[in-house]
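If you want the building blocks of each chain, they are given just below.
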Amino acid sequence: MTGPTATTPCTLPLVEVRVTEFNLTCLPATGAVFDHLLALHPAQVVVDLSGCRHIDAAAIGLLLDVHRRLTRADGVLTVRDPNPRIRRILQAARLGQILPVVDTGPSSPPGTPPAVQEPTRTPTLVAHGRASVKVAH
């Protein structure tokens, strides 16, 4: 006999992931990073694509999976700063209708917080690789 699934409360306010390669080749490693960070039960995950030059359908599928998993846990996935080419790909996939895609804007000086909720303390770097993960405590 099973009852309603209880959601785990969020334990971190924000986790940021900077992705520089986002395609089928690196998907297993990137997916593993997302699995680890979702185990932390963040309230918000921001995927920074400012350094990413290419995204493919497999990567979009992974973003949708992460969004689905976060939504089940009352979390939010936000994509930040895709370049114009990636933005067009995301628009063609209608990703912006499913989750927030935001730009910090070229007029923002370095170090200026983006338009999404940021922690008040400096995040600690948790993992490196093709995706680096920052976790705010």
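Residues numbered from 1 in each chain as written. Predicted model: local features only at pLDDT ≥ 70, side-chain atom pairs only at ≥ 80, totals over all residues. Heavy atoms only, no water.

- With an unreviewed UniProt entry as reference, the chain is termed Anti-anti-sigma factor, source organism Micromonospora luteifusca.

Regarding the packing of helix α1 (residues 27-38) against helix α2 (residues 57-72)
A pair of packed helices is characterised by two quantities: the angle between their axes and the separation of those axes.
Okay, step 1: It is at 11 Å that the axes of α1 and α2 come closest, and there the two elements cross at 10°. With respect to α2, the axis of α1 lies roughly parallel. Note on element contacts: α2 touches α1 through A58, A59, L62, V66, R69 and L70, opposite L27, T30, G31, F34, D35 and L38. (Axes fitted to C-alpha atoms, helices over the stretch in contact; angles between N-to-C directions. Helix = DSSP H or I, 4+ residues; strand = E, 2+ residues; numbered from the N terminus. Parallel < 35°, antiparallel > 145°, perpendicular 65-115°, else oblique. Contact = heavy atoms within 4.5 Å.)

Digging into the environment of G61
Okay, step 1: Secondary-structure assignment places G61 in helix α2.
Okay, step 2: With 32 residues separating them in the primary sequence, G61 and A93 have C-alpha atoms 10.0 Å apart.

Examining unusual backbone geometry
Okay, step 1: Residues other than glycine seldom take positive phi values, yet H41 does so here, at roughly 55°.
Okay, step 2: You can call H41 partly exposed: its relative accessible area is 27%.
Okay, step 3: Residues other than glycine seldom take positive phi values, yet D74 does so here, at roughly 65°.
Okay, step 4: Looking at the secondary structure, you find D74 in the loop between α2 and β3 (76-80).
Okay, step 5: A residue is classified by how much of its surface remains accessible, and D74, at 59% relative accessible area, is exposed. (Buried < 20%, exposed > 50% of the residue type's maximum accessible area, 1.4 Å probe, protein only.)

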